[in-house]
Each structure stands twice: as C-alpha cells, then as structure tokens.
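# Topology and contacts: notes
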Amino acid sequence: SGLAQLAYAVSAIHDPKDLYSRLVESLTPLLNAEIVGFWIYDETRRVLEPKAPFVGIPEQFLENYNLPIPPDSPAEQVLKGQVTLTAVDAVSDETMQKLGFSSFAVAAGIHGTVFLPIMPSGKFLGYLEASNKPENAAFDQNDLRILSIIAGQAAIIIENATLIQQTQRRAQRAEA
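Rules behind the numbers
- Residues numbered from 1 in each chain as written.
- Predicted model: local features only at pLDDT ≥ 70, side-chain atom pairs only at ≥ 80, totals over all residues.
- Heavy atoms only, no water.
- Helix = DSSP H or I, 4+ residues; strand = E, 2+ residues; numbered from the N terminus.
- Rg over C-alpha atoms; globule rule 2.2 N^0.38 Å.
- Contact = heavy atoms within 4.5 Å.
- Areas by Shrake-Rupley, 256 points an atom, 1.4 Å probe, with all protein chains shown as cover.
- Phe/Tyr/Trp six-rings, centres within 6.5 Å; stacked < 30°, edge-to-face > 60°.
- Buried < 20%, exposed > 50% of the residue type's maximum accessible area, 1.4 Å probe, protein only.
- Pairing = 2+ DSSP bridges.
- Axes fitted to C-alpha atoms, helices over the stretch in contact; angles between N-to-C directions.
- Core = buried A, V, L, I, M, F, W, Y, C linked by side-chain atoms within 4.5 Å.

Turning to the overall build of the chain, a few remarks are in order. The helix and strand tally for the chain stands at seven helices and six strands. Each helix and strand of the chain, placed in order from N terminus to C terminus, yields the pattern α-α-β-β-α-β-α-β-α-α-β-β-α. Taken over the C-alpha trace, the chain has a radius of gyration of 16 Å; the compact-globule value for 176 residues is 16 Å, and the two agree within 12%. For the chain, the C-alpha atoms occupy an extent of roughly 55 × 40 × 30 Å along the three principal directions. Once local pairs closer than 6 in sequence are excluded, the contacts in the chain between residues at least 24 apart make up 53%. Of the roughly 9,100 Å² that the chain leaves accessible, carbon and sulfur atoms contribute 51%.

Shown next as structure tokens:
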C-alpha cells in the first residue's frame, strides 16, 4: 500500500514542489529513518540541490545548501560512479567528503546515511537520501532493498515530471 501511495504522487506532476512533497510524504512511512528527501542534480548549474520538503530538516535550512559539482572534481567522480553511497558516519566518510556533503551533515546532525541514485532509463537525476536510523543503527541489506525499490519507483515519477516541465517551457517559448 505504501508503494501505491507513492504512485499517487503522479497527480502532482505539474507542480515540482508539490511533487516532492507527495513523494516524501508517501515514502516516509516505508522507511525507518529520521531524515528523508531528494537531492536532484542540475546539469546546467552543476549542483546537487536538496528539494524541499525534507523530513527532519527545516525548509529554510535547505535553501542555504547546494553541493557544487565542479568539472573533473572528486565530487564529479562520485556522481559518475552512479552507485549507492552508504556511510555509518557521514561527517568523516571519505566519499561524503568528496561529494561535499560533510558540512551539510554536521549542520543537519546527520550520522548514518544512505544515498540511492535516481536513474530512470540509465540517466542520473540525483539521489534519494535516508539518514539517521533510530538509536544510530546502521542501514542493513533489508533497508537497502526497500530503498532501492522506492528509488526505482520515484525515479520514473521524477523523470516524467521533468519531461512534462521541459515540454511546457518549450511550448511557452514557442508561443512567445
């Protein structure tokens, strides 16, 4: 039923903020994590951007954080790897430091974290983040399996929303 609720987010496909809100709202009950949200990669600006809302992090806090991904940087190499990133301690984890996530983790109080790539049709769109399991427990294989299923479903929804938004912008430019 949780995955059915996730599919309900499709009805918000025309409003990006509402889309992420519905996605996070529907997948949060499926996860045993205090912090849940999406980081979307903006190719033109070369940044990973947290999309509000994030469960467990105030929206005003998110507005001040983007993770820059300079060309030929360690952060870009992490993105190109397109693999699931896990860290028991996000602040000191080498991969999270390369991504530039460590300062965000300190400020947001993030300990253990998982970043699952959102990749519909093999194209990298960003990450689904789940962080801080209760009692600082580590994410296990069962958690990763559930997160992988959720990330796959969310990837299709986000890709469709992105395509619709691009089509609408092109139509508006053509009309102008």
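Picking up where we left off.
Attention now goes to unusual backbone geometry. Residues Ala52 and Pro53 are joined by a peptide bond in cis, for which omega reads 0°. Residues other than glycine seldom take positive phi values, yet Asn132 does so here, at roughly 60°.

This brings us to the packing of aromatic side chains. Scanning the entire structure with this criterion turns up 13 aromatic pairs. The interplanar angle of 80° and the centroid separation of 5.0 Å between the aromatic rings of Trp39 and Phe104 together place this pair among those described as edge-to-face. Of this pair, Trp39 sits in strand β1 (residues 35-42) while Phe104 is found in helix α6 (residues 102-108), placing the two residues 65 residues apart along the sequence. An identical accessibility class is assigned to Trp39 and Phe104; each is buried. Taking 4.9 Å as the distance between ring centres and 80° as the angle between the ring planes, the aromatic pair formed by Phe101 and Phe115 counts as edge-to-face.

Okay, the sheet that holds strand β2 (residues 47-55) next. The strand order β3-β2-β1-β6-β5-β4 describes an open sheet built from six strands, whose pairing is antiparallel. Either end of the sheet is taken by a strand with one partner, and the two such strands are β3 (67-68) and β4 (85-87). Two strands pair when backbone bridges link them, and β1 and strand β6 (residues 126-131) are joined in this way by six bridges, in the antiparallel orientation. Counted as the bridge partner of Trp39 is Tyr127 from β6. Across the sheet, helix α4 (residues 74-81) is in contact with β1, β2, β3, β4 and β6; its angle to β6 comes to roughly 90°. Lying on the sheet, helix α7 (residues 141-175) is in contact with β1, β4, β5 (113-118) and β6; it crosses β5 at an angle near 40°.

In this fold, Ala130 is placed in strand β6. Ala130 sits in the buried class, given a relative accessible area of 2%. Ala130 sits 14 residues away from Leu116 along the chain, and the two C-alpha atoms are 8.5 Å apart. Excluding anything up to four places from it in sequence, Ala130 contacts Ala33, Ile35, Gly112, Thr113, Val114, Phe139 and Leu147.

Let's shift gears to the nonpolar core. Counting residues in each nonpolar core, the largest one holds 26 residues, and the members touching the most others are Leu23, Leu27, Phe38, Ile118, Leu128, Leu147 and Ile158. The set of elements that each furnish at least two residues to this core consists of α2 (16-27), β1, β5, β6 and α7. The leading source of residues in this core is α7, at nine residues. Look past the residues within four positions of Ile118 in its chain and what remains in contact with it is Phe38, Ile40, Lys123, Phe124, Leu125, Gly126, Tyr127, Leu128, Ala155 and Ile158. Phe54, Val78, Leu85 and Phe115 belong to the second largest nonpolar core, which has 25 residues in total.

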